[in-house]
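# Examining the three-dimensional arrangement
As a plain string of letters, each chain reads:
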Amino acid sequence: MSKHSFPGHSQLTRAHKVSMAGVAALGAAALAVTLVPAHDSQAQAQSETVAAAPVAFTTNAGTQQIKDVQASVTDQQAGASEKAKQAAAKIKAQQEAEAKKKADAEAKAKADADAKAKADADAKAQKEREAKEAASRAAARTPVYANNLDGWIKQSLDIMKAKGIPGTYNGLYSNIMRESTGNPSAMNGWDVNAQNGTPSIGLLQVIQPTFDAYHVDGTSTDIYNPVANITAAANYAADKYGSIDNVNSAY
């Protein structure tokens with residue numbers, strides 16, 4: 001510590017010393033004016049000179065203070081401007097982040113909607129493929145019968161099997177050949193049935209009342225239809241003779 005400093009007090013700067021000296025000089029000058037007679041113009045002039053001296057010091061110090069204040073204000077304005085820029089940048093960053101978040105959410109929603117639409121389309125296409133494949137399998141399992149005596153007998157046998165009506169291929173064939181020689185349009189116009197107004201018709205020469213009574217569900221209601229005629233006749237024979245195979249003559 002300097003020998004001129006005191007505990008608890010900071011060391012005076014040169015500017016402080018100059019100011020204090022000016023104040024002291026001013027006090028001395030004032031005292032001199034009080035003690036010197038008014039007529040002593042020379043002493044008065046000297047006093048005025050002495051009194052005016054510290055004004056220069058005071059004016060210079062004030063100018064520096066103004067400069068210091070201006071510099072401080074400038075610094076504060078610069079700091080405020082920087083803070084404003086930082087705040088604006090922060091707000092802009094927040095707005096950009098919110099806009100990006102919104103855009104990401106919209107993009108995700110669109111992607112989800114597109115994925116759902118694709119999944120629905122795929123599921124629909126899959127169902128259509130499965131339905132088509134099932135129809136194809138069903139068509140493959142459904143036998144195709146020839147439109148001739150062989151096909152008519154085979155189709156009739158499948159229906160008879162499903163309905164529980166007994167009979168064989170040979171039993172049907174032999175009776176058909178005896179009754180109509182395989183002509184589905186054959187009609188007997190001379191026997192007793194014809195004389196009674198109900199002629200025997202079709203492959204197995206069935207009369208209309210018998211056909212109606214023993215008609216098999218799922219077949220045509222036309223007595224001339226080959227399959228409907230065969231199945232109705234076989235159904236009648238099963239009821240009356242146990243099976244078409246047991247019929248060896250007119251029935």
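The structure this text deals with has already been given above.
Here we summarise the structure given alongside this text. (Residues numbered from 1 in each chain as written. Predicted model: local features only at pLDDT ≥ 70, side-chain atom pairs only at ≥ 80, totals over all residues. Heavy atoms only, no water.)

## Observations regarding unusual backbone geometry
In most cases, non-glycine residues show a negative phi, while peptide bonds are predominantly trans. Not every positive phi belongs to a glycine, and threonine 181 is a case in point at roughly 55°. As for its position among the elements, threonine 181 is in the loop between α4 (169–179) and β1 (187–188). You will see that glutamine 205, though not glycine, has its phi angle at about 50°, which is positive. You can see glutamine 205 is positioned in the loop between β2 (200–201) and α6 (208–214). The class for glutamine 205 is buried, based on a relative accessible area of 12%. (Helix = DSSP H or I, 4+ residues; strand = E, 2+ residues; numbered from the N terminus. Buried < 20%, exposed > 50% of the residue type's maximum accessible area, 1.4 Å probe, protein only.)

## A word on the layout of surface pockets
Unfilled space is identified by rolling a water-sized probe across the atoms. There is about 280 Å³ of room inside the largest pocket. In terms of lining, the largest pocket is formed by 13 residues, of which the most central are Asn193, Ser200, Gln205, Ile207 and Tyr251. Looking at the lining of the largest pocket residue by residue, the classes come out as 6 nonpolar, 5 polar and 2 charged. (1 Å grid on protein atoms, 1.4 Å probe; cavity = no way out; pocket = protein on both sides within 12 Å on 5 of 7 lines; lining within 4 Å. Points joined across faces, edges and corners; volume = space filled by probe spheres on them. Nonpolar A, V, L, I, M, F, W, Y, C, P; charged D, E, K, R; others polar.)

## Here's the deal with the environment of isoleucine 244
Here isoleucine 244 lies in the segment after α7 (226–241). For the pair isoleucine 244 and serine 174, spaced 70 residues apart in sequence, the C-alpha to C-alpha distance is 9.8 Å. Not counting residues up to four positions away in its chain, the partners in contact with isoleucine 244 are Pro166, Gly167, Gly171, Leu172, Asn175, Ala234 and Ala237. (Contact = heavy atoms within 4.5 Å.)

## As for the side chain of serine 243
Residue placement: serine 243 occurs in the segment after α7. Excluding its chain neighbours within four sequence positions, the residues that come into contact with serine 243 are Pro166, Gly167, Ala237 and Ala238.

## Some points on the nonpolar core
In this structure, Leu172, Ile176 and Ile230 are the most contacted members of the largest nonpolar core, which totals 24 residues. Residue assignment for this core shows that the elements contributing at least two residues are α3 (149–163), α4 and α7. Looking at this core element by element, the count peaks at 7 residues for α7. Discounting chain neighbours no more than four positions away, the residues touching isoleucine 176 are Leu149, Ile153, Thr181, Gly182, Leu203, Leu204 and Ile230. (Core = buried A, V, L, I, M, F, W, Y, C linked by side-chain atoms within 4.5 Å.)

## What about α3?
In an α-helix, one full turn covers 3.6 residues, which means residues spaced three or four apart are oriented alike. Look at α3: 21 Å from first C-alpha to last across 15 residues, which is about the 21 Å you get at 1.5 Å a residue. Of the surrounding elements, those touching the buried residues of α3 are α4 and α7. Of the residues that open α3, the one with a side-chain oxygen 3.2 Å from the backbone nitrogen of aspartate 150 is asparagine 148. Where α3 terminates, the next one or two residues include glycine 164, which has phi positive at roughly 80°. (Expected span 1.5 Å × (residues − 1). Polar contact = N/O pair within 3.5 Å; in protein donor to acceptor, adjacent residues only side chain to side chain.)

## Re the pattern of salt bridges
By the definition in use, this model includes 7 salt bridges. With a shortest N-O distance of 3.1 Å, lysine 118 and aspartate 122 are connected by a salt bridge. Here aspartate 122 and lysine 118 lie together in helix α2 (residues 41–141), a separation of 4 residues that amounts to about one turn. A salt bridge links aspartate 150 to lysine 154; its shortest N-O distance comes to 3.1 Å. Placement of both aspartate 150 and lysine 154 in helix α3 is noted, with a separation of 4 residues, approximately one turn of the helix. Relative accessible area serves as the criterion here: at 30%, aspartate 150 is assigned to the partly exposed category. Given a relative accessible area of 40%, lysine 154 falls into the partly exposed group. (Salt bridge = Lys/Arg side-chain N within 4 Å of Asp/Glu carboxyl O.)

Read these as layout, nothing more, since geometry by itself doesn't imply function.
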